[in-house]
Structure formats: structure tokens, C-alpha cells
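For reference, the chains in residue letters:
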Amino acid sequence: MYGKGIVKGLGITLKRLIETYIDDIKWGKKRYNTDEGIAHRMSKDARGIFTVQYPEEKIPVPEEFRFIPFLIYEVDENGEKIERCTSCGICAKVCPSQCIWIERTKDPKTGRPVPVPAEFYIDIDMCLNCGLCAEYCPFDAIKMDHDYELASYERTIYNKEKLLKPVSYYASIRPRNYEREEKARAKAAAIKNARKKQNIR
Amino acid sequence: MATKSFSIDEVKENFQEINIEEDERKGYSGLIVETDKLVDFANILKNKMGFDYLSSVTGVDYLPDNMMEVVYHAYKSTGGKPMEFKVQVPREKPVVPSLVSVYPGAGFQEREAWDLLGIKFDGHPNLKRILMWEGFAGHPLRKDWHEAYYEEDAKPYKSRWPNGRDVHLAEDRNPYKKNVVYPKDFDPDKWNPEGEDALYLGMKSLQKDDDLKTEQIIVNLGPQHPSTHGVFRMVVNLEGETVKKLEPVMGYLHRNHEKIGERNTYLMNIPYTDRLDYLSSMSNNFGYVLAVEKLMGEKAKPTERAEYIRVIMAEFTRISNHLFAIGTFLNDLGAYFTPMLYALEERELIMDIFEATAGSRIMCNYFRFGGVARDLPPGVYEKMRDLVFDRLPRKIDELDKYLTNNELVRVRSEGIGVLTPEEAIAFSAAGPVLRASGVPYDVRRAEPYGIYNRFDFKVVARNHGDVYDRYLVRLEEIRQSILIIQQALDQMPDGPIINGKPQYQVRVPAGEAYGRVEGPKGELGFYIVSNGKPNPWRYHVRAPSFINLTALSKMCEGDKVADTIIILGSIDIVLGETDR
Ligand code: SF4
Ligand code: SF4
């Protein structure tokens, strides 16, 4: 029969429409504005309305999600900030869009380089969000942030002050990575200490 | 370092009259053909030896040797290794005979080489710029050509470290209006778009074959037209509603990806390939790393687990791309957004997987030389299983039921935009376009890469070569991709995901390599020449979205103007890749 295909197709859209209501009734209020509801709507069993009502609702970002880079500092016993970055320049060298600018600190007396960045700029508008800087930094000093709401009217260039965030923040957005890296760092430190001791002896 | 696919003596037997030599530079392969005899050579190659499919044509500027080289890669449409051949001409007078008469598929690619490298193709029927405009000065891919924001020949730039205090913005150094150079004697105010006139006039002069007076009109479809899937223009000559002639005009999104690629280091190029066909970044990564790994040899051999992850990701990309293609195609047909959004729901779930693994939904930047960037995080494997063993097959069946036998879809798309198998091969069409025309050519089978020879899957082909068949091929390919992922998930071993320690500066020995994968849109190839430095000397992308358009006029001629939209939709182009 001519038109059977169309009728069948309409049947499927109708089924989808009804499913929306069934799912809504089954889940009740929980379906919207709750983490559980969003997780359900992102699962293989999702039926009915798929949309997430941004910005009221937000899809949780997975740990590996990357947006723009930030620098990590630690806080020592005296409450002093200790930057992890040694201004080795590797991130500036891998950055595909060449949007990282680093000025190395020089010892004012000797003129020799000190392993701390005097300034650190990232041209956020040029950043590709590729994550290569974080991937290849040997000191776990630069990491990718989760914050994606950065729209602005101005040209956005972040300096070191703006880029620095505490290590606790990093641990909170990337717990698994943090744990793994801390283990590796502790191990490396132990080896270094052992070597030092040997040298003293 | 392509493996030798022929013995030189055997090949020479076919070409008694023509001087050919083996390319003996270290790391190179293929034949160097006498320039004057190129067309004869190509004729024999195609008709006697069966290399009927010209995959890629491109040029290389060997500035230090004062030489331009044109590199061709031809294949047999029945599968197998390539025949690579080259001609070399002096840089001051780069003239090469055109191969359009033998391989019509060379048409756009030769125009591109003329546009970007300034190599003249003698005998080309329509040799004009294709990506740049007429008021553009010079040929940008030449090694001595510098862009407006030129800083250094190769990244990383010295100004960034260790004295990166004076952050400068490219646009400040070279502000608007000062950043343009015009050709000599070119005044943009007095410029009369000669190319445009010629374009229109060329269309007007068509002979009419009956006495009935029907007015011919020329219509510009695009560049700002929603149905063109981006900024893309089709100039059509209409007689009544029938398309007499059509010419695609492109380049609006051109950014000279290849020049950027030659400034970049090898690693930096991976995220840039994401931006080619931005609907299938994983496949783009795959093609590129494959080409570089060919040059790097054993030390960049991907680990077992990485090979499986690569295949899984590439196939998920194919599914998501085809879903998108089917959705937009139905939009073009006028089924306003319902099928599109049904298709996008499934694509969202696939992108969730990409996001959880690679860190980004679209710009994945996930492949590395010798492996992938990171292992699957907890939960992702299960999510993949859920999708391919449960949800996707269900949903694809639903889509199939919903669309395939819809009378409107069939009436609109059956018998429209037909491309015969011979034409499809001649025009170097690739991917679903080629296979819908009855040529079961799929790089995954024809010249398996990665570990594709381990999987059981069908190469989907259909016989009518029309818009409807292209839709059906895509639908069936989704099912085959699901099968491949199912097998890969079952077989995937544990283990490291990258060969050796991740390195940001890879050593790539001098030589050339052509790596190609079956991308969702067709054969995606990367031709790379290394001179041993950290940056590629030549980086060329064989873009299926671009080359598939060569056959667009052929497909549209004789059809109605409304059909050009769905024909274009059925080729499935992404302008990021077309214009590069
Ligand atoms: S962020 Fe890391 S890679 Fe970049 S300069 Fe600092 S220590 Fe080196
Ligand atoms: S994310 Fe990529 S583009 Fe952005 S600063 Fe890091 S390396 Fe550069």
C-alpha cells in the first residue's frame, strides 16, 4: 500500500512521544534537576526527552575533561605558596598554537636562571584546549581545568596570578589522576633522597 | 618508507618507450617519470596495468634542490598496494602535463597544486585558483612564501621562552589592512571579478538542443545557504528547473592547514588534524599517526591494546559521523529535524565516551605515535559494551524502520544524482559515494591498516549509485561498525597503551610516507615528507570531502535544482576538510 512507510514512521514518532510521558511518570520529579535523573538521561536506557536544560541543569563533566590549562601551587607549613612550575619551558615548546609565554627568573646577583617562572602568560583565546602542555609537563605543574564558562567580550590573556590554583583544587577535579601522580612523585622523591644520602656518605 | 609493491623490471616491461627510474633517495620509493611522457605513462598504467584509481595528486617544493615535484598515488580499484610515481620540474618553470584526460579525478587536485604551489598543469581544462581568490599574491605553500603573521620557519618560536615577557598578539604586530599583500598591478578597488565573469560566461555559452525557448538563468546557491552544510557555493545554470551545468566554488574556510602543518612539529599536528573533518577527529588522528609511524618504523609500532582502542574509537567515529550524515540528509529532504535529532541522541552517547576518554567530545586529540594518549577510564568499557551490544543495534533498527521505506524519502532520492561505477572510479570518489556506485572498495579491506584484518565485517556496496543508495550504504555501514566494535571489545587485551615513554619530540627519519585510512567520508590520506628535522618538510592531506566534490557536477547535471541540495547532502562533506 502506498503510504504505508509514512504511517509506520509516524507510528514510531508517536511511540517516542508516549514514551516521554511514561518515563516522566515513572521517574516523577527525580528525572529533572537531579544528578540521578541526568545520569539516567545519559544512559543506554534513556527514553523520551534527552535534552538537558542548560544552564539550570548541567551535565557533569568526566574527570578527563579538559578546557584551559592552569598552574598548580602547593602550600607549605608556613602558609607560603610554592609553585610547582620550574619554568623549564617544555609546555611552551609543545604548545601547538604557541600561546604560552614564559619568562624565567634570573638570580639578580649571578644572572643565572632560577627554576621559577617570573611570569607566565597564556593567551586563552588562542589556546586549542588540546591538553598537550599538561600531558608533557614533567613536574605536574600545569593541568587542564574543568571550568568551561569563560565567554567574555575582551581578549583574554591570563597571567601567572590568574593561572595559579591550589593543588587541593586539582585533587578535587581530578582525584584519580592526582592519586596516581602523587604516588609517582613520592616514589621519585624517595629515590632522590636515597641518592642524596648516599652522596653524603 | 613505503614497502616496494613492484619489481622495477616488471614495471619497465610495460613502458618500452618511456624513461622511468626508481626513486633512489633514502626513504623514498616509487618511480620518477619523464615529464613529457607523463600522459602516455598514465595511460598505460591505467589501461594495461589496471591502476585505475588515482588517489592523490600533490606537489612538493624542494627549495634547496631548486625543484618542484608532483607526486601521484594510484591504486587498483580491486585493492592492493599503490603505484607511486613522480615528475620533477625546475622551480622557475614548473610545468607538468595534466592528467585530467586520463584520470578526471585529478581535476580539483591539480587546481589545488596550481593554487597553493604554482605548478602549471598543461592541458588542464579549467586551471584556475580553487581555494584562494584571484587577488591573492603568490602561492602559499611555496617554501619561500611567508604569511602575514610570519614569525619563524618552524615552531617552537624563540620568543616564547625563556624570555616570554613581551606577549604580542599577531594582530598587533601586523594590524588589519596592513596584513594583506596584493599581486603586482592589482588594485582591489578597480578589480573586476574576472574569474566570476568567466565563470558565468562559461556557463551561458551552452548550446540548447531544442527550439522551444526556455530561458537559461544562472543561480548562485550559497555561500550563505543553510543547506550547503557550511560556506560553500554552487553556481548552477538552469533551464527551467533542470540543472544544465554546475560548478562548485569553495575555499571560504581555507586557512592553509598544510602550511601550518609544516611549521608545526610532528606532535603539534595531531590536534590540528582534529579540525579537518571536525565530525570525525579520531579518524583524522588515525590517518596522520599512521603516516608518521610508517616513517618512524618499528620503534613507533603501536601496542596491542592501543591497536584495539584505535579501531574501537575509529569505528565509533564512523557511527557518529554516519548518524550525523543521515540526520542532515533527511533535513535536506525537508524532514525537518525530527530524524536529525533522533540520530543526534545516539551521537551524544558516543561523544560521552570520547569525552570521558580523550577529554573532549569533538576535538579528541587522542592518538599518539605508537599508541594513544591514555587508557580507558573506569566505566568506559562497560559503557561501550552497553552501546554496541544493546542500545545502538536497537536504535539503528528503529531509524531504519522509520526512514528506509518512507515513500517520500524514496521518491525524492531514488534515481537522483546517479554516478556509474566507471565514473565513480574515474572521478576518484571515495567512501560511501564510491561504494554506493557498486565499487566495493574500502581501505580497511583493500589495504588493511592497523589490525583491521583481524575482524570479520562486510564491505557494504550497492548498485544504483543514487542518493538513496548512499543513504543505505551509510546505514548498513553503521551496523558493520557495530559488529567490528563488538569483536574488538571481546578480544581487547590488557597492557600498555603506548610504545615506550611518551615523547614530545619524536625523531622522524628522512623520507616520505603516505598513510591512508578509510575515514567515514572516504579515503583520508596523509602524505608526509621528512628531512629529519623536528618539523615535516611537506604535509599534505588527501581530503575525501574535497575530492568527492569533483564528481558533483556530473551527479547534478540533468537533475532538478531542488535535488542539488540532497545530492550535496548525500556526498556528506564537511567544509573544515574541504577547504582546509
Ligand atoms: S608548567 Fe611544567 S612544562 Fe611548563 S614550564 Fe612549568 S614545569 Fe615546565
Ligand atoms: S591546551 Fe594546548 S593550546 Fe592550550 S596552552 Fe596547552 S598546549 Fe597550548
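Basis of the calculations
Residues numbered from 1 in each chain as written. Chains lettered and ligands numbered in written order. Predicted model: local features only at pLDDT ≥ 70, side-chain atom pairs only at ≥ 80, totals over all residues. Heavy atoms only, no water. Domains from an automatic or database assignment. Helix = DSSP H or I, 4+ residues; strand = E, 2+ residues; numbered from the N terminus. Buried < 20%, exposed > 50% of the residue type's maximum accessible area, 1.4 Å probe, protein only. Polar contact = N/O pair within 3.5 Å; in protein donor to acceptor, adjacent residues only side chain to side chain. Contact = heavy atoms within 4.5 Å. Phe/Tyr/Trp six-rings, centres within 6.5 Å; stacked < 30°, edge-to-face > 60°. Lys NZ or Arg CZ within 6 Å of the ring centre and 35° of its normal. Near = heavy atom within 4 Å. 1 Å grid on protein atoms, 1.4 Å probe; cavity = no way out; pocket = protein on both sides within 12 Å on 5 of 7 lines; lining within 4 Å. Sits in = over half its atoms within 2 Å of the grid points. Nonpolar A, V, L, I, M, F, W, Y, C, P; charged D, E, K, R; others polar.

Quick question: what am I supposed to make of the domain arrangement of chain A here?
Often the size quoted for an interface is simply the accessible area lost on bringing the parts together. Each assigned domain of chain A is listed with its residue range as follows: domain 1 (1-59) and domain 2 (69-176). For domain 1 of chain A and domain 2 of chain A, the distance between their C-alpha centroids amounts to 42 Å.

I'm lost on the side chain of Ser428 of chain B in this one. Help?
Residues and elements named next belong to chain B. By the secondary structure assignment, Ser428 is in the loop between α13 (421-426) and α14 (432-436). Taking the relative accessible area as the measure of exposure, Ser428 reaches 0% and is therefore buried. A polar contact is formed between the side chain of Ser428 and the backbone oxygen of Leu54, at a distance of 2.6 Å. If near-sequence neighbours (up to four positions away) are discounted, Ser428 is found in contact with Tyr53, Leu54, Gly105, Arg542, Ile547 and Asn548.

So what exactly am I meant to see when it comes to the packing of aromatic side chains here?
How two aromatic rings sit relative to each other is set out by the distance from centre to centre and by the angle between their planes. Inspection of every chain in the model, using the stated rule, returns 27 aromatic pairs over all chains. Seen from their ring centres, Trp133 of chain B and Tyr182 of chain B are 6.4 Å apart, and the 80° between their planes marks the pair as edge-to-face. Linking Trp133 of chain B in the loop between β7 (120-122) and α4 (170-173) with Tyr182 of chain B in the loop between α4 and α5 (194-204), this pair joins segments that are 49 residues apart in sequence. Under the relative-accessibility criterion, Tyr182 of chain B is labelled partly exposed at 33%. Ring centres of Tyr366 of chain B and Phe367 of chain B lie 6.1 Å apart, and the angle between their planes is 80°; this geometry places the pair in the edge-to-face category. Assigned by exposure class, Tyr366 of chain B and Phe367 of chain B land together as buried. Taken together, the ring pairs in this structure connect Phe286, Tyr308, Tyr366, Phe367, Tyr449, Tyr452, Phe455 and Phe457 of chain B into an aromatic cluster. Directly above the aromatic system of Tyr158 of chain A lies the positively charged group of Lys162 of chain A, at a separation of 4.8 Å from the ring centroid. The ring centre of Tyr75 of chain B lies 3.5 Å from the NZ or CZ of Arg516 of chain B, which sits over that ring.

Before we go on, may I ask you to explain the site of ligand 1 in this structure?
Residue and element names in this part refer to chain A. Within the structure, ligand 1 sits among 13 residues, and Cys85, Cys88, Gly89, Cys91 and Cys137 are positioned closest to it. Assessed atom by atom at 2 Å from the grid points, ligand 1 resides in the second largest cavity. When its residues are assigned to classes, the shell around ligand 1 shows ten nonpolar, three polar and no charged.

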